[in-house]
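# Survey of secondary and tertiary structure
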Amino acid sequence: MSSKVTPYKDSDLNKKQQVTQMFDNISKEYDGLNRVISFGIDIKWRNKVVDIIAQNKPERILDIATGTGDLAISLAKTKAKKIVGLDISDGMLEVGRKKIKSKNLDDLISMVIGDSENLPFEDNSFDAITVAFGVRNFENLEKGLSEIFRVLKPNGTFVILETSVPTKTPFKQGYKFYTKYILPAIGKLFSKDQSAYSYLCESASVFPYGEVLNNILRKIGFINVQDKPQTLGVATIYVASKA
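To keep things clear, this report deals only with the structure shown in the data block. Remember, predicted model here, so these are calculated numbers, not experimental data.

Now for the pairing of strand β2 (residues 82-87). If a strand is regular, its side chains alternate between the two faces of the sheet. Within β2, five of the six residues are buried, which leaves it mostly tucked inside the rest of the structure. As paired strands, strand β1 (residues 60-64) and β2 are joined by five bridges and run parallel to one another. Its bridge partner lying in β2, I61 is registered against I83.

Summed over the entire model, instances satisfying the criterion amount to 17 salt bridges. Residue D70 is joined to R35 by a salt bridge in which the shortest nitrogen-to-oxygen separation is 3.2 Å. One end of the pair, D70, is in helix α3 (residues 70-74); the other, R35, is in helix α1 (residues 15-38), and 35 residues separate them in sequence. Residue classification places R35 among the partly exposed residues on the basis of a relative accessible area of 25%. The partner of E142 in a salt bridge is K219, and the shortest N-O contact between them spans 3.2 Å. One end of the pair, E142, is in helix α5 (residues 141-151); the other, K219, is in helix α8 (residues 211-220), with 77 residues separating them in the sequence.

What the seven strands build is an open sheet, ordered β3-β2-β1-β4-β5-β7-β6; its pairing is mixed. Single-partner strands in this sheet number two, and they are β3 (109-113) and β6 (223-230). Strand-to-strand, the axes of this sheet are offset by a mean angle of 15 degrees, without reference to chain direction. The strands that helix α2 (residues 41-54) touches are β1, β4 (126-132), β5 (152-163), β6 and β7 (235-241); relative to β5, the one it contacts most, it runs at about 170 degrees. Of the strands in this sheet, β2 and β3 touch helix α4 (residues 90-102), which is tilted by about 170 degrees from β3.

Parameters and conventions
Residues numbered from 1 in each chain as written. Predicted model: local features only at pLDDT ≥ 70, side-chain atom pairs only at ≥ 80, totals over all residues. Heavy atoms only, no water. Buried < 20%, exposed > 50% of the residue type's maximum accessible area, 1.4 Å probe, protein only. Helix = DSSP H or I, 4+ residues; strand = E, 2+ residues; numbered from the N terminus. Pairing = 2+ DSSP bridges. Salt bridge = Lys/Arg side-chain N within 4 Å of Asp/Glu carboxyl O. Axes fitted to C-alpha atoms, helices over the stretch in contact; angles between N-to-C directions. Contact = heavy atoms within 4.5 Å.

Put into structure tokens, the structure is as follows:
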């Protein structure tokens, strides 16, 4: 399980603390390097998440593991009245706050520091909740998903965008080579934190995906669970709701 994979293998800190430290370290370079690593396709994936969320016309949206706010900013297109971006890394949030201010979205989007496994919100607070490339960083996946379930309103929409592993040849082999050798090399070349991108690749390779993650969502209590593989399966969008 992904909880056994941590950014800094020699550290005495727990996974949550290490993830916070890692994202603080790479916050200023994260956006640019992410575009390079994904060839910009992650923008297309996020737009699909926005389209799914917009279908139900939510008024209040929570974007967990919001990072530098890319998805939260894109969610403004849904015409929601309030969007909250939550992240454990204040370094990432600070980058996001500057982006939000530059787009004059301060009144719509609030960036909040917080723990996804102990959300600072009342039950049934949000019409829609999103997590883009964040659930694999949860220290306790089921606890984090249970918190999301708690603060999601009945009939609300929950959407995850997360990396996954292609299952068909030759894409499966190509993906493994790219994530094992190419991605860490790019990260080490452009990042001051050489462990960070090795962790991001390794955590992606061992994280549950497809029907395995669907079943975890169902166990938590989510209904209408479905997965939508993207770009030959290198990422997957998961959609679920609350009864």
